[in-house]
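# Breakdown of the fold
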Amino acid sequence: MMSGAPAVRVSIESSCERQVQEVSLDGLETYAPPLSMSQNLAKLAQRIDFGQSSDEDEDGLERDSREQWSKPEAEEDEGMVKFQPSLWPWDSVRNNLRSALTEMCVLHDVLSVLKDKKYMALDPVSQDPSVGKTPQVFQLLSKKKSLATAAQLLLRGAEKLTKSVVENQEQRRQRDFNSELLRLRSQWKLRKVGDKILGDLSYRSAGSLFPHHGTFEVIKNTDLDLDKKIPDDYCPLNVQIPSELEGSAYIKVSIQKQSPDIGDLGTVNLFRRQAKAKPGSQMWHLKLEAAQNVLLCKEIFAQLSREAVQIKSQIPHIVVKNQIISQPFPGLQLSISLCHSTGEKKNQRASPDKSKPDDHLYVLEHNLHQLIREFHKQTLSSVVMPHPASAPFSHKRMRMAGPMAYDKTEISALQQSEGLLEKIIKQAKHIFLRSRTARTIDSLASRIEDPQIQAHWSNINDVYESSVKVLITSQGYEQICKSIQLQLNIGVEQIRVVHRDGRVITLSHQEQELQDFLLSQMSQHQVHAVQQLAKVMGWHVLSFSNHVGLGPIESIGNASAITVASPNGEYAISVRNGPESGCKVLVQFPRSQAKELPKSDVVQDAKWTHLRGPYKEVHWGRMEGRNFVYKMELLMAALTPCP
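One structure accompanies this document, and this report is about it.

Each value, and the rule that gives it
Residues numbered from 1 in each chain as written. Predicted model: local features only at pLDDT ≥ 70, side-chain atom pairs only at ≥ 80, totals over all residues. Heavy atoms only, no water. Helix = DSSP H or I, 4+ residues; strand = E, 2+ residues; numbered from the N terminus. Expected span 1.5 Å × (residues − 1). Buried < 20%, exposed > 50% of the residue type's maximum accessible area, 1.4 Å probe, protein only. Arc of directions from axis to C-beta. Polar contact = N/O pair within 3.5 Å; in protein donor to acceptor, adjacent residues only side chain to side chain. Contact = heavy atoms within 4.5 Å. Pairing = 2+ DSSP bridges. Axes fitted to C-alpha atoms, helices over the stretch in contact; angles between N-to-C directions. Parallel < 35°, antiparallel > 145°, perpendicular 65-115°, else oblique. Left-handed = near helix turned anticlockwise from the far one by under 90°. Nonpolar A, V, L, I, M, F, W, Y, C, P; charged D, E, K, R; others polar. Core = buried A, V, L, I, M, F, W, Y, C linked by side-chain atoms within 4.5 Å.

## Some words on helix α12 (residues 628–639)
The terminal C-alpha atoms of α12 lie 17 Å apart, and with 12 residues this matches the ideal 16 Å at 1.5 Å per residue to within 8%. Along α12, the positions that sit buried rather than exposed are Phe628, Val629, Lys631, Met632, Leu635, Met636 and Leu639. Seen along its axis, α12 keeps its buried residues to an arc of 160°; they face one direction.

So this is what it looks like as structure tokens:
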């Protein structure tokens, strides 16, 4: 290129082709991947000489510059443009930072001049006060007009915002109402009649025959004030239930002593505290559940009242207002009451014999609900479609007429079934008999310390039968004194007692009969304990009887007796124990030790002296020992000869 020609900038770019890394035998070329930004930066950083300081670099640059200016101008004449590469890779970065620092320093100086006012003063240009002076009246009018215009703009904006908020709230309420209605429909039966939405509370779909319609209406809650904040418990949906189903109700079942006068019985008003609402539950759900419970309680009481009038029993059942009174046992009455609280009438006339708050049998109330549901299920399953399909739509008995016809006894047997009242009376009898049996056993266990009586109740029971295992033992001798083990099967009106040997005794519902039986068994236990102890001590049993025919007659059961002899036959112990007379222990000594024995002129042979003499009673109350068996063990040990 000639020196006189203008310089042309030529941009030289690197080749886009990659370097060939490998050529395989089949001619396939493998290119090296391009360097990433981090790899390229590392490659450039490798060119930096960190051993050379910045001062040396500056000196070198100055020296180079001087050398360049000191070169003769003859080189320029040669017309050759030489390219001087940078000696330091970060030179451009340093130059940019230096220029930025210079600009920042200039900016700092300008701001200092404007702020401190000591370097330069800026005064406004003076104007003539007479030019442009406006009266104050025109200023006030212009300001008033401006404020009115601004107020109109603000009012129009507020109206638009209010309308949008109301529309949003209305849309939200409508949307919430539809969602709540969907939830209500998923749990309760709903139907649309005209412009109303009606629901069904009854159990007709489950098999109920109660004539109450049980209809409720779904309404939209419009009591919300839009100007106030929406409460947390707000619900856009509300339900309207019939007035006779409002409030809460339950069936109270109790067993009490018989009232002296039936006419004194009034309306029972015993209301329990209403259960607290669960967190997250809606008010309409709680109201519908309470109303359905009231409807079910009314159905139960109506069914019981109908059966109480229809059933013919020896002692008729009495229905007084909201009470049904029955007599399961003499002197006792079963009271079934419908307690309905509407929340308005709090003070009602109660019965003069106020029941205790804990005499309510919750088990029987739960059983009543179960029985009415079983009744619904039977009613629902009794409707059988005709089979085969071509048969007339009638009852199964009519279709099976002819060779398979039922006679009168079979039909009556099919129709015989216990009603709701009969079942609950039987369950009440069983519960009362079981509680009285437990009370009798506990009273004997607390009153009599020797022997001990223990009761083991079974966890698996029936609504009409329970079982309890009764053990009579002596403290410290449980392993050898286990002869009295009783199994009491408590039924509806009687108690079956099964002994260890398989004997069965049937007791009535009378409490005194069970108590007398247990007392006689405890008396027999002492004699059986002596028998078992004699076997352990090596004594011989001479006689044993559970029912002694001699001595005073016991008013409770019979007395039992046993006679045992020592191992060498010199001593004998006779024990007689009765439920009322108590224990009597006699000891027979050898004839040789009897000092008061009169001499006989007839019996002269010495062999008759080895016979035992008369009996002597032992002062049993003065004997040491914690119980009867322990005292008997000490007595046998004292009379046993040493080996």
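That shown, we press on.
## Structural notes on the side chain of histidine 212
Assignment of secondary structure puts histidine 212 in the loop between β4 (196–200) and β5 (215–220). A distance of 2.9 Å separates a polar atom in the side chain of histidine 212 from the backbone nitrogen of glycine 214. Setting aside chain neighbours within four positions, we find histidine 212 in contact with Ser202, Arg204, Glu244, Leu245 and Leu295.

## Things to note about the pairing of strand β13 (residues 485–490)
Where strand β12 (residues 466–473) lies against β13, six bridges are found, and the strand directions are antiparallel. Bridged to leucine 471 within β13 is glutamine 485. Counting the residues between successive antiparallel strands, the hairpin from β13 to strand β14 (residues 495–498) contains four residues.

## Quick look at the sheet that holds strand β6 (residues 237–240)
Pairing in this open sheet of four strands is antiparallel, and the strands run β3-β4-β5-β6 from one edge to the other. Each edge of the open sheet carries a strand with a single partner, namely β3 (189–193) and β6. Going across the sheet, the axis of each strand differs from the next one's by a mean of 35°, ignoring polarity. Examined bridge by bridge, β4 and β5 share four bridges and lie antiparallel to one another. Looking at β5, one finds that isoleucine 197 is bridged to valine 218. Most of the contacts of helix α6 (residues 283–310) go to β6, to which it runs at about 15°, and overall it touches β5 and β6.

## Focus on the packing of helix α7 (residues 362–381) against helix α10 (residues 420–447)
Put simply, α7 and α10 touch, their axes get as near as 11 Å, and they point 150° apart. Between α7 and α10, the interaxial angle falls into the category roughly antiparallel. Judged by the sense of rotation from one axis to the other, the crossing of α7 with α10 is right-handed. Of α10, the residues touching α7 (which contributes Val363, Leu364, Asn367, Leu368, Leu371 and Ile372) are Leu420, Lys423, Ile424, Gln427, Ala428 and Ile431. Residue composition of the contact of α7 with α10, grouped by class: nine nonpolar, two polar and one charged.

## A closer look at the nonpolar core
Counting residues in each nonpolar core, the largest one holds 43 residues, and the members touching the most others are Leu184, Leu201, Leu237, Ile251, Leu288 and Ile336. At the level of elements, α5 (136–187), β5, β6, β7 (248–257), α6, β10 (332–341), α7 and α10 are the ones that each hand at least two residues to this core. The leading source of residues in this core is α6, at 11 residues. Counting 23 residues, the second largest nonpolar core, distinct from the first, contains Ala534, Trp539, Ile562 and Val564.

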